[in-house]
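# Observations on the three-dimensional arrangement
Now for the letters of each chain:
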Amino acid sequence: QVQLVESGGGLVQAGGSLRLSCVASGRTFSSYAMGWFRQASGKEREFVATINWSGGSTLYADSAKGRFTISRDNAKNTVYLQMNSLTPEDTAVYYCGATMKRLAQAMRPLSMDIWGKGTLVTVSS
């Protein structure tokens, strides 16, 4: 069973950048599509970006397109989320998820089989 641990969150000013990392334990990391989701206070968890098992295909939420980049390094069992041009609206707990389902299904939180505990991103104005 894969376990996920996120890191890289913190406090950043609007316009700044952060890179989140999600490290997976276990030998089957490369079998999973991986996704980043976020949950702001009082709101539902929402899709941010997802990447297929090889890293060759990605999907993004409209709010992330052009600003965020998801990538993975299967040799390091790690998936990344590079976030640029951050705004206060990006403030949320960011979660990493893993699924054996197809990439398009990995856009839905309910499709994730495994979750990390999250890392908090706070963007100040």
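Refer to the preceding data block for the structure.
Residues numbered from 1 in each chain as written. Predicted model: local features only at pLDDT ≥ 70, side-chain atom pairs only at ≥ 80, totals over all residues. Heavy atoms only, no water.

### With respect to the nonpolar core
Judged by nonpolar contacts, the single largest core of 28 residues is most densely connected at Leu4, Met34, Trp36, Val79, Leu81, Met83 and Tyr94. Among residues more than four places away in sequence, those in contact with Leu81 are Leu18, Arg19, Leu20, Trp36, Val48, Ala49, Phe68, Thr69, Ile70 and Tyr94. Membership of the second largest hydrophobic core comes to six residues, among which are Phe47, Ala61, Ala106 and Met112. (Core = buried A, V, L, I, M, F, W, Y, C linked by side-chain atoms within 4.5 Å. Buried < 20%, exposed > 50% of the residue type's maximum accessible area, 1.4 Å probe, protein only. Contact = heavy atoms within 4.5 Å.)

### Description of the sheet that holds strand β8 (residues 78-83)
Overall, antiparallel pairing links the four strands, which are arranged β1-β3-β8-β7 in an open sheet. Looking at which strands have only one partner, the edges of the open sheet turn out to be β1 (3-7) and β7 (68-73). Each adjacent strand pair in this sheet contributes to an overall mean axis angle of 15°, direction not counted. Where β1 meets strand β3 (residues 18-25), five bridges bridge the pair, whose relative direction is antiparallel. Considered in β3, the bridge of Gln3 is made with Ser25. (Pairing = 2+ DSSP bridges. Helix = DSSP H or I, 4+ residues; strand = E, 2+ residues; numbered from the N terminus. Axes fitted to C-alpha atoms, helices over the stretch in contact; angles between N-to-C directions.)

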